Amino acid sequence: MAEIGSVRALTGAELEAALEDVARLRIEVFRAWPYLYDGDLAYERDYLQSYRDSEGAIVVGAFDGDRLVGASTGTPLADHADDFAAAFEGTGLDLREIFYCAESVLLPGYRGQGVGHRFFDLRERHARQLGFTKSAFCAVMRPSDHPMRPEGHAPLDPFWRARGYAPLEGVVAHFAWKDLGEECESRKPLQFWIRDL
C-alpha cells in the first residue's frame with residue numbers, strides 16, 4: 001500500500017490549480033461500483049466550474065508527494081439550488097444553512113489510512129467556519145440485484161452513521177450520467193444524508 005503524505009484543504013488559487021487532477025480522479029474512481037460512471041474530461045470541466053464560481057467552495061486534497069491521489073469537494077448547498085431544491089421541497093430545511101459535501105474520490109492503493117475521515121473533518125470544519133449549521137451529502141441508490149454489483153460489496157452506511165449522518169427520509173435527488181456499457185445517459189436516484197454541525 002502506498003502512503004499518503006498529506007491531506008490538506010485547498011481554496012482559491014490552490015483549488016483552481018487542482019481541478020484538472022480532480023476531474024481525472026473522478027473519472028477513474030467513479031468507474032467502479034456503485035457509480036459505474038463512464039466519464040469524460042469535457043463533462044468534468046463543465047461540472048467542476050461550480051467550484052471555481054463558489055466563494056465557499058473547498059477541495060480537500062490527499063497527496064503522495066506532489067501528486068494528487070484523492071480529493072473531496074464541498075460547496076454551500078444553495079449554490080446547487082437548481083439541482084437540489086425539488087428534493088428538499090416540503091422538508092422545512094433552509095438550503096442556505098446546509099453545506100454540501102459532494103464527492104470523495106481516493107485511488108484504491110491509498111485506502112484504509114483514515115483519509116475518508118480527514119476528508120469529512122476538513123470539509124465540516126470549513127463549513128462551520130463559514131457559519132453553516134448542517135452538512136449533507138448524497139449517495140447513489142442501486143438495486144441490490146444490480147448485475148454489476150460486486151460480490152461481497154460492503155456499503156459505506158456504517159462509516160457515514162459513525163460520523164453522525166443519517167438518511168433524510170424522502171429527500172432523493174436525480175442525476176443523469178452514462179453508466180459503463182450504456183449507449184446514453186440515464187437518471188439515477190441519490191439519497192441525501194445529513195447531520196448537524
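Residues numbered from 1 in each chain as written. Predicted model: local features only at pLDDT ≥ 70, side-chain atom pairs only at ≥ 80, totals over all residues. Heavy atoms only, no water.

*Asks:* How do you make sense of the sheet that holds strand E2 (residues 58-64) when you look at a structure like this?
*Replies:* To summarise the sheet geometry, strands pair through backbone hydrogen bonds and adopt either a parallel or an antiparallel arrangement. Here we have seven strands laid out as an open sheet, ordered E1-E2-E3-E4-E5-E7-E6, and mixed in their pairing. Looking at strand neighbours, the two that pair on one side only are strand E1 (6-10) and strand E6 (166-177), the edges of this open sheet. Pairs of neighbouring strands in the sheet enclose a mean axial angle of 25°, with direction left out of account. Pairing between strand E5 (residues 134-140) and strand E7 (residues 186-196): seven bridges, direction antiparallel. Looking at the pairing, Ser135 lines up with Arg195 of E7. The strands that helix H3 (residues 81-88) touches are strand E4 (98-106), E5, E6 and E7; relative to E6, the one it contacts most, it runs at about 140°. (Pairing = 2+ DSSP bridges. Helix = DSSP H or I, 4+ residues; strand = E, 2+ residues; numbered from the N terminus. Axes fitted to C-alpha atoms, helices over the stretch in contact; angles between N-to-C directions. Contact = heavy atoms within 4.5 Å.)

*Asks:* Help me out: how do you make sense of H3 in this one?
*Replies:* Each α-helix turn comprises 3.6 residues. Residues three or four places apart therefore point the same way. Turning to H3, its buried residues number three or more, namely Phe84, Ala87 and Phe88. When H3 is viewed along its axis, its buried side chains cluster within an angular range of 90° and face the same direction. Away from its buried face by more than 90 degrees, H3 exposes Asp82 and Ala86. Each element contacted by the buried residues of H3 is listed here: E4, E5, E6 and E7. Looking one or two places after H3, you find Gly90, whose phi comes out positive at around 85°. (Buried < 20%, exposed > 50% of the residue type's maximum accessible area, 1.4 Å probe, protein only. Arc of directions from axis to C-beta.)

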